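# Chain and residue survey
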Amino acid sequence: MDAPLTVDSMTATLAANTLTGQMIIAGTPVSGTGEQVRGFDPSAGKSLEPVYQHGDASHVETACAAAADAFAAYRATTSEQRATFLEAIATNIEAISEALIARAVAESGLPLPRITGEVGRTTGQLRLFAGVLREGSWNGARIDTALPDRTPLPRPDIRQRFIPLGPVAVFGASNFPLAFSVAGGDTASALAAGCPVVVKGHDAHPGTSELVARAISDAVRQSGLPAGTFSLLFGSGPDLGITLVTDPRIKAVGFTGSRSGGLALVAAAAARPEPIPVYAEMSSINPVFLLDGALATRGDDLGRAFVGSLTMGSGQFCTNPGLVIAVDSPGLDAFIVAAREALSAAPATPMLTPNIARSYASGVDALTGSADLVGRGEGPTGETSCRAALFATDAPSFLNSEVLQAEVFGSSSLIVRCTDSDEMHAVAEGIEGQLTATVHADDSDVDEAGRLLPLLELKAGRILFDGWPTGVEVCHAMVHGGPFPATSDSRSTSVGARAIERFLRPVAYQSVPKSLLPSAIADGNPENLWRRIDGQLTQD
(Lines give C-alpha, C1' and ligand atoms only; values in the text may rest on other atoms or scores of the structure.)
Protein backbone atom coordinates (compact mmCIF):
# COMPACT_ATOMS: atom_id res chain seq x y z
CA MET A 1 0.00 0.00 0.00
CA ASP A 2 1.64 3.20 -1.19
CA ALA A 3 -0.68 5.77 0.41
CA PRO A 4 -1.75 5.78 4.07
CA LEU A 5 -5.05 4.07 4.76
CA THR A 6 -8.00 6.22 5.75
CA VAL A 7 -11.61 5.32 6.44
CA ASP A 8 -12.68 7.00 3.17
CA SER A 9 -10.06 5.26 1.04
CA MET A 10 -10.88 1.89 2.60
CA THR A 11 -14.59 2.35 2.02
CA ALA A 12 -14.01 3.20 -1.63
CA THR A 13 -11.77 0.20 -2.11
CA LEU A 14 -14.27 -2.08 -0.41
CA ALA A 15 -16.99 -0.88 -2.78
CA ALA A 16 -14.81 -2.04 -5.66
CA ASN A 17 -14.66 -5.51 -4.08
CA THR A 18 -18.39 -6.08 -3.76
CA LEU A 19 -19.37 -8.87 -1.43
CA THR A 20 -21.86 -11.44 -2.66
CA GLY A 21 -23.02 -12.98 0.61
CA GLN A 22 -22.11 -16.45 -0.61
CA MET A 23 -20.07 -19.41 0.53
CA ILE A 24 -17.35 -20.74 -1.75
CA ILE A 25 -17.37 -24.49 -2.30
CA ALA A 26 -14.56 -25.90 -4.43
CA GLY A 27 -14.16 -22.58 -6.24
CA THR A 28 -17.87 -22.04 -6.86
CA PRO A 29 -19.92 -19.32 -5.10
CA VAL A 30 -22.92 -20.96 -3.44
CA SER A 31 -25.80 -19.36 -1.55
CA GLY A 32 -26.82 -20.85 1.77
CA THR A 33 -30.35 -21.93 2.57
CA GLY A 34 -30.46 -21.63 6.36
CA GLU A 35 -30.41 -18.93 9.03
CA GLN A 36 -29.59 -15.42 7.86
CA VAL A 37 -26.56 -13.70 9.37
CA ARG A 38 -24.96 -10.31 8.85
CA GLY A 39 -21.70 -8.81 9.91
CA PHE A 40 -22.10 -6.37 12.80
CA ASP A 41 -20.15 -3.17 13.37
CA PRO A 42 -19.71 -3.02 17.17
CA SER A 43 -18.31 0.51 17.04
CA ALA A 44 -21.32 1.90 15.17
CA GLY A 45 -23.82 -0.53 16.66
CA LYS A 46 -25.30 -1.51 13.28
CA SER A 47 -25.61 -4.53 11.03
CA LEU A 48 -23.69 -4.71 7.78
CA GLU A 49 -24.68 -5.83 4.32
CA PRO A 50 -24.85 -8.21 2.59
CA VAL A 51 -26.96 -10.96 4.11
CA TYR A 52 -25.31 -14.38 4.42
CA GLN A 53 -27.12 -17.66 4.98
CA HIS A 54 -25.96 -20.75 6.76
CA GLY A 55 -25.26 -23.86 4.76
CA ASP A 56 -26.74 -27.29 5.45
CA ALA A 57 -25.76 -30.94 5.30
CA SER A 58 -25.86 -30.93 1.50
CA HIS A 59 -23.24 -28.18 1.39
CA VAL A 60 -21.03 -30.13 3.80
CA GLU A 61 -21.44 -33.18 1.58
CA THR A 62 -20.41 -31.23 -1.53
CA ALA A 63 -17.40 -29.60 0.14
CA CYS A 64 -16.13 -32.81 1.74
CA ALA A 65 -16.61 -34.82 -1.45
CA ALA A 66 -14.64 -32.21 -3.38
CA ALA A 67 -11.88 -32.22 -0.74
CA ALA A 68 -11.67 -36.01 -0.84
CA ASP A 69 -11.50 -35.95 -4.64
CA ALA A 70 -8.73 -33.34 -4.49
CA PHE A 71 -6.63 -35.13 -1.89
CA ALA A 72 -4.76 -37.60 -4.09
CA ALA A 73 -3.63 -34.94 -6.55
CA TYR A 74 -2.91 -32.32 -3.90
CA ARG A 75 -0.84 -34.57 -1.66
CA ALA A 76 1.17 -35.61 -4.72
CA THR A 77 2.33 -32.03 -5.30
CA THR A 78 5.95 -31.24 -4.56
CA SER A 79 7.08 -29.12 -1.65
CA GLU A 80 7.94 -26.37 -4.12
CA GLN A 81 4.48 -26.45 -5.68
CA ARG A 82 2.79 -26.11 -2.30
CA ALA A 83 5.22 -23.40 -1.23
CA THR A 84 4.45 -21.42 -4.37
CA PHE A 85 0.72 -21.91 -3.74
CA LEU A 86 0.99 -20.55 -0.18
CA GLU A 87 2.92 -17.55 -1.46
CA ALA A 88 0.22 -16.96 -4.08
CA ILE A 89 -2.41 -16.85 -1.33
CA ALA A 90 -0.30 -14.29 0.57
CA THR A 91 0.12 -12.17 -2.56
CA ASN A 92 -3.61 -12.29 -3.31
CA ILE A 93 -4.45 -11.21 0.24
CA GLU A 94 -2.04 -8.29 -0.01
CA ALA A 95 -3.63 -7.27 -3.33
CA ILE A 96 -7.01 -6.77 -1.61
CA SER A 97 -5.60 -5.50 1.68
CA GLU A 98 -7.39 -2.14 1.68
CA ALA A 99 -10.82 -3.70 1.13
CA LEU A 100 -10.00 -6.51 3.52
CA ILE A 101 -8.85 -4.18 6.29
CA ALA A 102 -11.92 -1.97 5.84
CA ARG A 103 -14.29 -4.88 6.22
CA ALA A 104 -12.39 -6.48 9.11
CA VAL A 105 -12.31 -3.18 11.04
CA ALA A 106 -16.04 -2.75 10.47
CA GLU A 107 -16.93 -6.31 11.47
CA SER A 108 -14.73 -6.49 14.56
CA GLY A 109 -14.51 -2.99 16.01
CA LEU A 110 -10.77 -3.60 16.33
CA PRO A 111 -8.57 -0.59 15.54
CA LEU A 112 -6.99 -0.06 12.14
CA PRO A 113 -3.37 -0.66 13.30
CA ARG A 114 -4.36 -3.99 14.90
CA ILE A 115 -6.08 -5.27 11.73
CA THR A 116 -3.29 -3.94 9.50
CA GLY A 117 -0.82 -5.88 11.62
CA GLU A 118 -3.02 -8.95 11.44
CA VAL A 119 -2.92 -8.88 7.64
CA GLY A 120 0.88 -8.93 7.90
CA ARG A 121 0.78 -11.77 10.40
CA THR A 122 -1.54 -13.79 8.15
CA THR A 123 0.63 -13.40 5.06
CA GLY A 124 3.73 -13.94 7.19
CA GLN A 125 2.39 -17.29 8.41
CA LEU A 126 1.75 -18.41 4.85
CA ARG A 127 5.28 -17.46 3.82
CA LEU A 128 6.72 -19.11 6.94
CA PHE A 129 5.22 -22.43 5.88
CA ALA A 130 6.46 -21.92 2.34
CA GLY A 131 9.92 -21.71 3.86
CA VAL A 132 9.27 -24.79 6.01
CA LEU A 133 8.34 -26.75 2.90
CA ARG A 134 11.47 -25.70 1.03
CA GLU A 135 13.75 -26.45 3.99
CA GLY A 136 12.43 -29.99 4.01
CA SER A 137 12.94 -31.34 7.54
CA TRP A 138 9.14 -31.57 7.90
CA ASN A 139 9.42 -34.80 5.84
CA GLY A 140 10.95 -36.53 8.87
CA ALA A 141 13.11 -38.61 6.54
CA ARG A 142 14.85 -41.55 8.22
CA ILE A 143 16.70 -44.47 6.67
CA ASP A 144 17.97 -47.60 8.41
CA THR A 145 19.97 -49.44 5.79
CA ALA A 146 19.76 -53.19 5.37
CA LEU A 147 22.10 -55.39 7.42
CA PRO A 148 21.92 -58.70 5.55
CA ASP A 149 24.77 -60.25 7.53
CA ARG A 150 23.49 -59.36 10.98
CA THR A 151 23.01 -62.31 13.32
CA PRO A 152 20.94 -63.95 14.53
CA LEU A 153 18.56 -62.18 12.11
CA PRO A 154 19.32 -59.83 9.21
CA ARG A 155 17.78 -56.35 9.18
CA PRO A 156 15.74 -55.29 6.15
CA ASP A 157 16.01 -51.85 4.57
CA ILE A 158 13.56 -49.58 6.47
CA ARG A 159 12.77 -45.96 5.60
CA GLN A 160 10.34 -43.45 7.07
CA ARG A 161 8.70 -40.20 6.05
CA PHE A 162 5.61 -38.17 6.96
CA ILE A 163 2.51 -38.04 4.76
CA PRO A 164 -0.60 -35.82 5.06
CA LEU A 165 -3.62 -37.12 6.98
CA GLY A 166 -6.32 -36.08 4.50
CA PRO A 167 -8.96 -33.32 4.32
CA VAL A 168 -8.97 -31.03 7.37
CA ALA A 169 -11.86 -29.04 8.87
CA VAL A 170 -10.89 -25.60 10.22
CA PHE A 171 -13.11 -23.43 12.43
CA GLY A 172 -12.50 -19.68 12.22
CA ALA A 173 -12.01 -17.82 15.52
CA SER A 174 -14.03 -14.79 16.58
CA ASN A 175 -11.17 -12.75 18.04
CA PHE A 176 -8.74 -12.95 15.10
CA PRO A 177 -10.74 -12.35 11.90
CA LEU A 178 -7.63 -13.00 9.80
CA ALA A 179 -4.72 -14.68 11.60
CA PHE A 180 -6.86 -17.45 13.19
CA SER A 181 -9.56 -17.58 10.57
CA VAL A 182 -10.03 -18.54 6.92
CA ALA A 183 -6.36 -18.23 5.90
CA GLY A 184 -4.99 -18.39 9.43
CA GLY A 185 -2.47 -20.72 11.00
CA ASP A 186 -4.62 -23.86 10.93
CA THR A 187 -5.38 -23.45 7.23
CA ALA A 188 -1.80 -22.52 6.34
CA SER A 189 -0.27 -25.48 8.19
CA ALA A 190 -2.81 -27.97 6.84
CA LEU A 191 -2.31 -26.79 3.26
CA ALA A 192 1.45 -26.94 3.78
CA ALA A 193 1.12 -30.54 4.96
CA GLY A 194 -0.72 -31.48 1.76
CA CYS A 195 -4.25 -31.56 3.20
CA PRO A 196 -7.26 -29.98 1.46
CA VAL A 197 -9.14 -27.64 3.84
CA VAL A 198 -12.83 -27.01 4.50
CA VAL A 199 -13.28 -23.89 6.64
CA LYS A 200 -16.34 -23.05 8.70
CA GLY A 201 -16.19 -19.26 8.77
CA HIS A 202 -17.20 -17.39 11.93
CA ASP A 203 -20.51 -15.54 11.87
CA ALA A 204 -18.86 -12.49 13.46
CA HIS A 205 -16.93 -11.65 10.28
CA PRO A 206 -18.60 -13.21 7.22
CA GLY A 207 -17.54 -10.46 4.81
CA THR A 208 -13.91 -10.70 5.84
CA SER A 209 -14.15 -14.47 5.44
CA GLU A 210 -15.60 -14.20 1.95
CA LEU A 211 -12.86 -11.85 0.77
CA VAL A 212 -10.11 -14.12 2.08
CA ALA A 213 -11.81 -17.22 0.67
CA ARG A 214 -11.84 -15.60 -2.76
CA ALA A 215 -8.11 -14.89 -2.47
CA ILE A 216 -7.45 -18.54 -1.62
CA SER A 217 -9.72 -19.86 -4.37
CA ASP A 218 -7.99 -17.60 -6.90
CA ALA A 219 -4.64 -19.00 -5.77
CA VAL A 220 -5.98 -22.54 -6.20
CA ARG A 221 -6.87 -21.73 -9.82
CA GLN A 222 -3.63 -19.85 -10.46
CA SER A 223 -1.64 -22.82 -9.18
CA GLY A 224 -3.49 -25.38 -11.27
CA LEU A 225 -4.67 -27.29 -8.20
CA PRO A 226 -7.92 -29.26 -7.83
CA ALA A 227 -10.84 -26.97 -6.98
CA GLY A 228 -11.68 -29.04 -3.90
CA THR A 229 -8.38 -28.07 -2.28
CA PHE A 230 -10.30 -25.32 -0.44
CA SER A 231 -13.90 -24.51 0.52
CA LEU A 232 -15.62 -21.99 2.81
CA LEU A 233 -18.91 -22.76 4.58
CA PHE A 234 -21.08 -20.81 7.01
CA GLY A 235 -23.25 -22.46 9.63
CA SER A 236 -23.89 -23.03 13.32
CA GLY A 237 -21.48 -25.09 15.37
CA PRO A 238 -24.05 -27.54 16.79
CA ASP A 239 -25.48 -28.21 13.33
CA LEU A 240 -23.17 -27.67 10.38
CA GLY A 241 -20.05 -27.80 12.54
CA ILE A 242 -20.84 -31.23 13.98
CA THR A 243 -21.90 -32.47 10.54
CA LEU A 244 -18.54 -31.35 9.18
CA VAL A 245 -16.50 -32.97 11.95
CA THR A 246 -18.39 -36.26 11.65
CA ASP A 247 -18.10 -36.51 7.87
CA PRO A 248 -15.97 -39.63 7.26
CA ARG A 249 -13.81 -37.84 4.71
CA ILE A 250 -12.53 -35.31 7.27
CA LYS A 251 -9.37 -36.62 8.96
CA ALA A 252 -8.48 -33.84 11.45
CA VAL A 253 -9.90 -30.64 12.93
CA GLY A 254 -8.41 -27.26 13.88
CA PHE A 255 -10.47 -25.08 16.26
CA THR A 256 -10.04 -21.89 18.28
CA GLY A 257 -12.90 -20.84 20.53
CA SER A 258 -14.80 -21.59 23.71
CA ARG A 259 -14.28 -24.61 25.93
CA SER A 260 -17.88 -25.76 25.38
CA GLY A 261 -17.54 -25.49 21.61
CA GLY A 262 -14.19 -27.25 21.53
CA LEU A 263 -15.31 -30.09 23.79
CA ALA A 264 -18.42 -30.63 21.64
CA LEU A 265 -16.20 -31.13 18.60
CA VAL A 266 -13.81 -33.39 20.53
CA ALA A 267 -16.73 -35.56 21.66
CA ALA A 268 -18.20 -35.73 18.16
CA ALA A 269 -14.85 -36.66 16.64
CA ALA A 270 -14.21 -39.34 19.28
CA ALA A 271 -17.65 -40.89 18.72
CA ARG A 272 -17.08 -41.43 14.99
CA PRO A 273 -16.60 -45.00 13.73
CA GLU A 274 -13.13 -43.72 12.85
CA PRO A 275 -12.11 -41.24 15.58
CA ILE A 276 -9.97 -38.33 14.41
CA PRO A 277 -7.75 -35.78 16.18
CA VAL A 278 -9.21 -32.41 17.15
CA TYR A 279 -6.68 -29.66 17.86
CA ALA A 280 -8.86 -27.32 19.89
CA GLU A 281 -7.55 -24.19 21.57
CA MET A 282 -10.09 -23.39 24.25
CA SER A 283 -9.64 -21.81 27.69
CA SER A 284 -6.72 -20.08 29.39
CA ILE A 285 -6.32 -17.41 32.10
CA ASN A 286 -2.54 -17.10 31.63
CA PRO A 287 -1.18 -16.60 35.17
CA VAL A 288 1.44 -13.93 35.87
CA PHE A 289 3.77 -14.55 38.83
CA LEU A 290 5.26 -11.44 40.42
CA LEU A 291 8.27 -12.36 42.55
CA ASP A 292 9.38 -10.36 45.60
CA GLY A 293 12.49 -8.71 44.16
CA ALA A 294 10.76 -7.54 41.01
CA LEU A 295 7.86 -6.10 43.02
CA ALA A 296 10.21 -4.34 45.43
CA THR A 297 12.18 -2.57 42.70
CA ARG A 298 9.50 -1.91 40.06
CA GLY A 299 6.06 -2.78 41.40
CA ASP A 300 4.44 0.42 40.12
CA ASP A 301 5.97 0.05 36.63
CA LEU A 302 4.73 -3.53 36.49
CA GLY A 303 1.24 -2.38 37.47
CA ARG A 304 1.03 0.08 34.60
CA ALA A 305 2.46 -2.35 32.05
CA PHE A 306 0.07 -5.05 33.21
CA VAL A 307 -2.95 -2.84 32.52
CA GLY A 308 -1.63 -2.13 29.03
CA SER A 309 -1.56 -5.85 28.31
CA LEU A 310 -4.90 -6.47 30.02
CA THR A 311 -6.85 -3.84 28.08
CA MET A 312 -5.26 -4.36 24.66
CA GLY A 313 -7.96 -5.23 22.13
CA SER A 314 -10.62 -5.18 24.87
CA GLY A 315 -8.84 -8.15 26.41
CA GLN A 316 -10.02 -10.38 23.57
CA PHE A 317 -6.83 -12.39 23.34
CA CYS A 318 -6.46 -16.05 24.25
CA THR A 319 -3.25 -14.98 26.04
CA ASN A 320 -4.79 -12.15 28.06
CA PRO A 321 -3.29 -11.99 31.61
CA GLY A 322 -6.38 -13.01 33.58
CA LEU A 323 -4.58 -13.96 36.79
CA VAL A 324 -1.83 -12.29 38.87
CA ILE A 325 -0.18 -14.25 41.69
CA ALA A 326 2.15 -12.71 44.28
CA VAL A 327 3.15 -12.80 47.94
CA ASP A 328 1.70 -9.97 50.02
CA SER A 329 4.25 -7.13 50.33
CA PRO A 330 4.63 -3.36 49.97
CA GLY A 331 5.74 -4.03 46.40
CA LEU A 332 2.45 -5.76 45.65
CA ASP A 333 0.62 -2.81 47.20
CA ALA A 334 2.51 -0.48 44.85
CA PHE A 335 1.59 -2.70 41.92
CA ILE A 336 -2.10 -2.56 42.86
CA VAL A 337 -2.12 1.22 43.31
CA ALA A 338 -0.47 1.77 39.91
CA ALA A 339 -2.74 -0.76 38.21
CA ARG A 340 -5.86 0.85 39.73
CA GLU A 341 -4.79 4.30 38.53
CA ALA A 342 -3.97 3.08 35.02
CA LEU A 343 -7.21 1.14 34.84
CA SER A 344 -9.33 4.13 35.86
CA ALA A 345 -8.08 5.97 32.77
CA ALA A 346 -8.69 3.03 30.40
CA PRO A 347 -11.57 3.85 28.06
CA ALA A 348 -14.38 1.40 27.43
CA THR A 349 -13.74 -0.20 24.04
CA PRO A 350 -15.97 -2.24 21.74
CA MET A 351 -16.01 -6.01 21.93
CA LEU A 352 -16.41 -8.19 18.88
CA THR A 353 -20.13 -8.93 19.18
CA PRO A 354 -23.04 -8.10 21.49
CA ASN A 355 -23.08 -11.73 22.70
CA ILE A 356 -19.41 -11.59 23.66
CA ALA A 357 -20.02 -8.29 25.48
CA ARG A 358 -22.93 -9.80 27.40
CA SER A 359 -20.85 -12.84 28.36
CA TYR A 360 -18.08 -10.56 29.58
CA ALA A 361 -20.50 -8.54 31.71
CA SER A 362 -21.89 -11.75 33.17
CA GLY A 363 -18.39 -12.99 34.03
CA VAL A 364 -17.52 -9.69 35.74
CA ASP A 365 -20.77 -9.85 37.71
CA ALA A 366 -19.83 -13.32 38.93
CA LEU A 367 -16.42 -12.11 40.06
CA THR A 368 -18.00 -9.10 41.78
CA GLY A 369 -19.92 -11.47 44.01
CA SER A 370 -16.88 -13.64 44.77
CA ALA A 371 -13.85 -11.32 45.05
CA ASP A 372 -12.89 -7.80 46.12
CA LEU A 373 -13.13 -5.13 43.44
CA VAL A 374 -9.79 -3.33 42.98
CA GLY A 375 -10.79 -0.99 40.17
CA ARG A 376 -12.74 -0.44 36.97
CA GLY A 377 -12.06 1.28 33.69
CA GLU A 378 -14.16 4.09 32.28
CA GLY A 379 -17.88 3.45 31.95
CA PRO A 380 -19.40 1.75 28.89
CA THR A 381 -20.64 3.78 25.93
CA GLY A 382 -22.70 1.16 24.07
CA GLU A 383 -24.06 -2.37 24.12
CA THR A 384 -20.74 -3.88 22.98
CA SER A 385 -18.49 -1.88 25.31
CA CYS A 386 -15.95 -3.58 27.53
CA ARG A 387 -15.35 -1.81 30.85
CA ALA A 388 -12.10 -3.19 32.27
CA ALA A 389 -12.18 -4.74 35.74
CA LEU A 390 -9.59 -5.86 38.29
CA PHE A 391 -10.33 -7.96 41.36
CA ALA A 392 -8.38 -9.43 44.27
CA THR A 393 -8.73 -12.45 46.53
CA ASP A 394 -6.67 -14.65 48.83
CA ALA A 395 -5.15 -17.99 47.87
CA PRO A 396 -7.53 -20.31 49.81
CA SER A 397 -10.57 -18.56 48.33
CA PHE A 398 -9.14 -18.89 44.83
CA LEU A 399 -8.31 -22.56 45.19
CA ASN A 400 -11.80 -23.38 46.48
CA SER A 401 -13.81 -21.46 43.88
CA GLU A 402 -14.69 -22.52 40.34
CA VAL A 403 -15.95 -19.00 39.67
CA LEU A 404 -12.61 -17.41 40.52
CA GLN A 405 -10.71 -19.89 38.34
CA ALA A 406 -12.99 -19.52 35.31
CA GLU A 407 -11.87 -17.59 32.24
CA VAL A 408 -13.60 -14.25 31.65
CA PHE A 409 -13.05 -13.36 27.99
CA GLY A 410 -12.24 -9.66 28.01
CA SER A 411 -10.34 -7.06 30.04
CA SER A 412 -10.83 -8.65 33.45
CA SER A 413 -8.18 -10.03 35.78
CA LEU A 414 -7.85 -11.35 39.32
CA ILE A 415 -4.99 -10.78 41.79
CA VAL A 416 -4.33 -13.65 44.20
CA ARG A 417 -2.59 -12.51 47.39
CA CYS A 418 -0.44 -15.23 48.94
CA THR A 419 0.99 -15.31 52.47
CA ASP A 420 4.31 -16.84 51.40
CA SER A 421 6.07 -18.59 48.52
CA ASP A 422 4.71 -21.99 49.55
CA GLU A 423 1.18 -20.70 49.16
CA MET A 424 2.12 -19.20 45.78
CA HIS A 425 3.35 -22.63 44.71
CA ALA A 426 0.12 -24.19 45.94
CA VAL A 427 -1.82 -21.80 43.69
CA ALA A 428 0.44 -22.67 40.76
CA GLU A 429 -0.17 -26.36 41.38
CA GLY A 430 -3.92 -25.82 41.64
CA ILE A 431 -4.52 -24.02 38.36
CA GLU A 432 -5.56 -25.79 35.17
CA GLY A 433 -3.47 -26.09 32.02
CA GLN A 434 -2.62 -22.79 30.36
CA LEU A 435 -1.36 -21.38 27.09
CA THR A 436 1.12 -19.17 28.92
CA ALA A 437 2.70 -18.58 32.32
CA THR A 438 4.64 -15.38 32.98
CA VAL A 439 7.26 -14.67 35.63
CA HIS A 440 8.60 -11.24 36.59
CA ALA A 441 11.85 -11.64 38.52
CA ASP A 442 14.97 -9.70 39.45
CA ASP A 443 18.41 -11.12 40.17
CA SER A 444 17.46 -11.64 43.79
CA ASP A 445 14.58 -13.87 42.66
CA VAL A 446 16.65 -16.41 40.73
CA ASP A 447 16.39 -19.18 43.34
CA GLU A 448 12.64 -18.74 43.70
CA ALA A 449 12.21 -18.61 39.92
CA GLY A 450 14.23 -21.81 39.65
CA ARG A 451 11.82 -23.54 42.04
CA LEU A 452 8.84 -22.27 40.10
CA LEU A 453 10.01 -23.07 36.56
CA PRO A 454 9.70 -26.92 36.68
CA LEU A 455 6.13 -26.55 37.95
CA LEU A 456 5.20 -24.09 35.21
CA GLU A 457 6.58 -26.46 32.57
CA LEU A 458 3.79 -28.85 33.57
CA LYS A 459 1.14 -26.14 33.44
CA ALA A 460 1.79 -24.12 30.26
CA GLY A 461 2.94 -24.33 26.69
CA ARG A 462 4.86 -21.02 26.75
CA ILE A 463 6.77 -19.60 29.73
CA LEU A 464 7.74 -15.92 29.63
CA PHE A 465 10.13 -14.02 31.84
CA ASP A 466 9.81 -10.24 32.26
CA GLY A 467 7.28 -9.74 29.49
CA TRP A 468 3.54 -9.99 28.96
CA PRO A 469 1.70 -12.90 27.32
CA THR A 470 -0.25 -10.91 24.75
CA GLY A 471 1.56 -10.98 21.43
CA VAL A 472 2.46 -14.38 19.96
CA GLU A 473 5.49 -14.35 17.68
CA VAL A 474 5.10 -16.48 14.54
CA CYS A 475 8.44 -18.29 14.32
CA HIS A 476 10.07 -21.70 14.40
CA ALA A 477 10.43 -21.94 18.19
CA MET A 478 6.97 -20.71 19.22
CA VAL A 479 4.53 -22.94 21.10
CA HIS A 480 0.91 -21.82 21.20
CA GLY A 481 -0.69 -24.70 23.04
CA GLY A 482 -0.69 -26.23 26.47
CA PRO A 483 -2.24 -28.79 28.83
CA PHE A 484 -6.01 -29.19 28.98
CA PRO A 485 -8.16 -27.09 28.95
CA ALA A 486 -5.89 -24.64 27.16
CA THR A 487 -5.95 -27.15 24.31
CA SER A 488 -7.40 -30.58 23.69
CA ASP A 489 -3.97 -31.96 22.76
CA SER A 490 -0.93 -30.54 24.54
CA ARG A 491 1.53 -32.33 22.24
CA SER A 492 1.21 -29.75 19.48
CA THR A 493 1.22 -26.04 18.67
CA SER A 494 -1.14 -23.99 16.53
CA VAL A 495 1.43 -21.26 15.87
CA GLY A 496 4.92 -21.65 14.45
CA ALA A 497 6.66 -24.04 12.12
CA ARG A 498 5.83 -27.19 14.09
CA ALA A 499 2.08 -26.66 13.53
CA ILE A 500 2.47 -28.63 10.30
CA GLU A 501 3.11 -31.78 12.36
CA ARG A 502 -0.54 -31.89 13.50
CA PHE A 503 -1.64 -32.85 10.00
CA LEU A 504 1.01 -35.44 9.19
CA ARG A 505 1.57 -39.08 10.13
CA PRO A 506 4.64 -41.32 9.76
CA VAL A 507 4.82 -44.20 7.28
CA ALA A 508 7.62 -46.80 7.22
CA TYR A 509 8.73 -48.34 3.90
CA GLN A 510 10.32 -51.76 4.40
CA SER A 511 12.21 -53.41 1.52
CA VAL A 512 10.30 -51.28 -1.00
CA PRO A 513 11.87 -51.43 -4.49
CA LYS A 514 14.11 -48.42 -4.99
CA SER A 515 12.24 -47.39 -8.11
CA LEU A 516 9.06 -46.94 -6.02
CA LEU A 517 10.53 -44.99 -3.11
CA PRO A 518 9.29 -41.41 -2.58
CA SER A 519 11.96 -38.83 -3.36
CA ALA A 520 12.31 -37.74 0.29
CA ILE A 521 13.74 -41.16 1.18
CA ALA A 522 15.17 -42.21 -2.18
CA ASP A 523 18.80 -43.14 -2.74
CA GLY A 524 20.94 -40.23 -3.85
CA ASN A 525 18.90 -37.72 -1.80
CA PRO A 526 17.33 -36.00 -4.85
CA GLU A 527 15.71 -33.28 -2.70
CA ASN A 528 19.00 -32.54 -0.88
CA LEU A 529 17.33 -33.00 2.51
CA TRP A 530 18.81 -33.44 5.93
CA ARG A 531 17.98 -37.08 6.73
CA ARG A 532 18.74 -39.42 9.62
CA ILE A 533 20.62 -42.39 8.14
CA ASP A 534 21.49 -45.22 10.50
CA GLY A 535 20.92 -42.82 13.36
CA GLN A 536 23.16 -40.03 12.08
CA LEU A 537 21.81 -36.73 10.76
CA THR A 538 23.33 -36.05 7.36
CA GLN A 539 22.66 -34.30 4.08
CA ASP A 540 24.53 -36.95 2.05
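Keep in mind it's a predicted model, so treat the numbers as computed, not measured.

## Focus on the domain arrangement of the chain
Splitting the chain by domain gives domain 1 (25-38 + 64-282 + 494-501) and domain 2 (287-465). Taking only C-alpha atoms into account, the centre of domain 1 sits 33 Å from that of domain 2. Domain 1 puts 12 residues into the contact, and the matching count from domain 2 is 13 residues. Between domain 1 and domain 2, a total of about 900 Å² is buried, with carbon and sulfur atoms accounting for 57% of that surface. Run the count over domain 1 and domain 2 and you get 1 salt bridge.

## Points about the sheet that holds strand β23 (residues 504-510)
Taken together, the 5 strands give an open sheet; going across it, the order is β23-β8-β7-β24-β25, and neighbouring strands pair in mixed fashion. This sheet does not close on itself; its edge strands, each paired only once, are β23 and β25 (536-538). The sheet shows a mean angle of 25° between the axes of neighbouring strands, taken without regard to direction. As judged from the 3 bridges shared by strand β7 (residues 142-144) and strand β8 (residues 158-164), these two strands associate in the antiparallel manner. If you follow R142 over to β8, its bridge partner there is Q160.

## Focus on the environment of D239
With respect to the secondary-structure elements, D239 resides in helix α8 (residues 237-245). Using a relative accessible area of 53% as the deciding quantity, one classes D239 as exposed. Taking the C-alpha atoms as reference points, D239 and A57, 182 residues apart in sequence, are found 8.5 Å from one another.

## Structural notes on unusual backbone geometry
Cis rather than trans, the peptide bond between T151 and P152 has omega equal to 5°. Phi at N525 takes a positive value of approximately 50°, unusual for a residue other than glycine. One can find N525 in the loop between β23 and β24 (531-533). For D534, which is not a glycine, the phi torsion comes out positive at approximately 50°. Looking at the secondary structure, you find D534 in the loop between β24 and β25.

So, how was this worked out
- Residues numbered from 1 in each chain as written.
- Predicted model: local features only at pLDDT ≥ 70, side-chain atom pairs only at ≥ 80, totals over all residues.
- Heavy atoms only, no water.
- Domains from an automatic or database assignment.
- Contact = heavy atoms within 4.5 Å.
- Buried area = accessible area lost by both parts, 1.4 Å probe.
- Salt bridge = Lys/Arg side-chain N within 4 Å of Asp/Glu carboxyl O.
- Pairing = 2+ DSSP bridges.
- Helix = DSSP H or I, 4+ residues; strand = E, 2+ residues; numbered from the N terminus.
- Axes fitted to C-alpha atoms, helices over the stretch in contact; angles between N-to-C directions.
- Buried < 20%, exposed > 50% of the residue type's maximum accessible area, 1.4 Å probe, protein only.

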